[in-house]
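Structural overview for review
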Amino acid sequence: MSRVALPHDAKAGPTKSEVRAVLLGKLGLTPTDHFVEVGSCTGAVTIAAARRAGRITALERKPERLAVTERNLAANDVTADVELREAEAPDGLPEDADALFLGGSRNYEAVLDHAVATGVDRIVMNVSRLEVAGAATAAFRERDLLDEVVQFQVSHGYELAGATSFDSQNPVYMLVGGASDADDTTDGGAP
């Protein structure tokens, strides 16, 4: 599968490629899925998901970021049906999502309530701040959504004095779950 091209900048970093790989693995998207992204920003996740899911709805509250998503989407090979919506979630969320990704923490409790009410099968939320990760974990648990919390950090090698050293990125907390069967996980069983 080709790399996600992001020639246009949204003045906010995209979800890094390694994080997208784990995210897509946790979501287990199929060609019949309707995937929803809350907070599309650069469109990196929207583009990656559009190569797996048949239908995509991407919400972004900032019109300038939605325009960046649209331009980056046009710069990639995507065949899925993609709808971009300028909306602040939970407004604009569809009623028939199979999988949902929250790329930010704004209004996440209302988004989770919507996911429960509409029975979203797979939900992933990425968080970069520890305090938000704790509060979001509690919110997932309160709604009986939580299957697992994964914390990971990616480091990239660079040359330093003729050898390799590593420059690490900020850690990411990934909350994984769903509003359907709590015993069903996307990685084959073990939460």
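Treat the numbers as computed from the prediction; the structure is a model and nothing was measured.

Conventions we followed
Residues numbered from 1 in each chain as written. Predicted model: local features only at pLDDT ≥ 70, side-chain atom pairs only at ≥ 80, totals over all residues. Heavy atoms only, no water. Helix = DSSP H or I, 4+ residues; strand = E, 2+ residues; numbered from the N terminus. Buried < 20%, exposed > 50% of the residue type's maximum accessible area, 1.4 Å probe, protein only. Areas by Shrake-Rupley, 256 points an atom, 1.4 Å probe, with all protein chains shown as cover. Lys, Arg positive; Asp, Glu negative; His and termini not counted. Charge placed at Lys NZ, Arg CZ, Asp CG, Glu CD. Pairing = 2+ DSSP bridges. Axes fitted to C-alpha atoms, helices over the stretch in contact; angles between N-to-C directions. Contact = heavy atoms within 4.5 Å. Arc of directions from axis to C-beta. pLDDT = per-residue confidence, 0-100.

**Points about the overall build of the chain**
Counting secondary structure elements, the chain contains five helices and nine strands. Shown N-terminal to C-terminal, the secondary structure of the chain runs as helices and strands in the order α-β-α-β-α-β-β-α-β-α-β-β-β-β. Referenced to the eigenvectors of the C-alpha coordinate spread, the extents of the chain come out at roughly 55 × 35 × 30 Å. Per-residue burial for the chain yields a buried fraction of 43% across its 191 residues. Roughly 9,500 Å² of accessible area belongs to the chain as shown, and the carbon and sulfur atoms make up 46% of that amount. Here the chain carries 18 positive and 30 negative side-chain charges, and the mean point of each set is 7 Å from the other.

**Quick word on unusual backbone geometry**
Note: most peptide bonds trans; most residues except glycine with negative phi. Each neighbour pair has its own omega, and for A89 with P90 the value is 15 degrees, a cis peptide bond. Within the secondary structure layout, P90 lies in the loop between β3 (81-86) and β4 (99-102). Positioned with a positive phi, A161 is a non-glycine residue whose angle comes to about 55 degrees. Looking at the secondary structure, you find A161 in the loop between β7 (155-160) and β8 (163-168).

**Let's talk about the sheet that holds β3**
With respect to topology, seven strands assemble into an open sheet ordered β3-β2-β1-β4-β5-β9-β6, the strand pairing being mixed. Each edge of the open sheet carries a strand with a single partner, namely β3 and β6 (146-152). For this sheet, the mean angle separating the axes of adjacent strands, direction not counted, is 15 degrees. Of the pairings in the sheet, the one linking strand β1 (residues 34-38) to strand β2 (residues 55-60) comprises five bridges and is parallel in character. Within the sheet, the bridge partner assigned to H34 lies in β2 and is R55. Contacting β1, β4 and β5 (122-127), helix α4 (residues 108-118) runs over the sheet at an angle of about 175 degrees to β4. Packing of helix α5 (residues 130-142) onto the sheet brings it into contact with β5, β6 and β9 (172-177), and relative to β9 it is tilted by some 5 degrees.

**Topic: helix α1 (residues 17-27)**
Burial in α1 covers these residues: V19, R20, L23, L24, K26 and L27. The buried residues of α1 occupy one face: seen down the axis, they fall within an arc of 160 degrees. Lining the buried residues of α1 we find β1, α2 (44-50), β4, β5, β6 and β9. Trailing α1 by a residue or two, G28 shows a phi angle of about 55 degrees, which is positive.

**Thoughts on the confidence of the model for the chain**
Per-residue confidence for the chain averages 91 on the pLDDT scale, and 93% of its residues sit at or above 70. pLDDT under 50 marks residues 182-191. Its contacts with residues more than four places away, or in other chains, come to 13 contacts.

**Regarding the side chain of T137**
As for its placement among the helices and strands, T137 is situated in helix α5. Setting aside residues up to four positions removed in sequence, T137 forms contacts with L146, V149 and L175.

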